[in-house]
Amino acid sequence: ILGRLGALATIPEKYDVAISTACGMLDHIVVQTTAGAQRCIEFLRKHDLGRANFVALDKLQKGAHDRSVETPEGAPRLFDLIQPSNFAVTP
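The shown structure was predicted, so the numbers you read here are calculated from the model rather than taken from an experiment.

## A few points about the side chain of His28
- One can find His28 in the loop between helix H1 (16-22) and strand E3 (29-31).
- Looking at His28, the relative accessible area reads 16%, which means it is buried.
- Aside from chain neighbours lying at most four places away, what touches His28 is Gly3, Arg4, Leu5, Asn53, Phe54 and Val55.

In structure tokens form, the structure reads like this:
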């Protein structure tokens, strides 16, 4: 377990509301592998701890967000404003 997605990066304060609103995945738990996510789910079930959503880094496509995108009035993409606090979590 690497941590909660929202805790693994920083964003400029002026964009906090926009990113928090647009990204419903901030509470997802980031893990290295799908197998790791499965073990976490099994643990939650075994101990009746509720549910959680996971992001498995081994399933992310590298470069999926590198393409050029035209934005209204040249506004920055929210994705480009997020700075990972640990580059091991970047695809």
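## Digging into the nonpolar core
- One finds Val31, Ala37, Cys40, Leu44, Phe54 and Ala56 forming the largest nonpolar core, which totals six residues.
- Of all the secondary structure elements, the ones that give two or more residues to this core are helix H2 (34-46) and strand E4 (54-56).
- Ranked by residue count, the leading element in this core is H2, at three residues.
- Leave out the neighbours within four places in its chain, and Cys40 touches Ile1, Val31 and Phe54.
- Counting five residues, the second-largest nonpolar core is a separate cluster that includes Leu8, Val55, Leu57 and Val89.

## Notes on the sheet that holds E4
- Reading across the sheet, the three strands line up as E1-E3-E4 and stay open at both edges, with mixed pairing between neighbours. Two strands close off the open sheet at either side, each with one partner strand: strand E1 (3-4) and E4.
- Pairing analysis gives two bridges linking E1 to E3, with the strands arranged antiparallel. The partner of Arg4 across the bridge, within E3, is Ile29.
- Packing of H2 onto the sheet brings it into contact with E3 and E4, and relative to E4 it is tilted by some 155°.

Rules and cut-offs
- Residues numbered from 1 in each chain as written.
- Predicted model: local features only at pLDDT ≥ 70, side-chain atom pairs only at ≥ 80, totals over all residues.
- Heavy atoms only, no water.
- Helix = DSSP H or I, 4+ residues; strand = E, 2+ residues; numbered from the N terminus.
- Buried < 20%, exposed > 50% of the residue type's maximum accessible area, 1.4 Å probe, protein only.
- Contact = heavy atoms within 4.5 Å.
- Core = buried A, V, L, I, M, F, W, Y, C linked by side-chain atoms within 4.5 Å.
- Pairing = 2+ DSSP bridges.
- Axes fitted to C-alpha atoms, helices over the stretch in contact; angles between N-to-C directions.

Interpretation in functional terms is not warranted from these geometric data alone.
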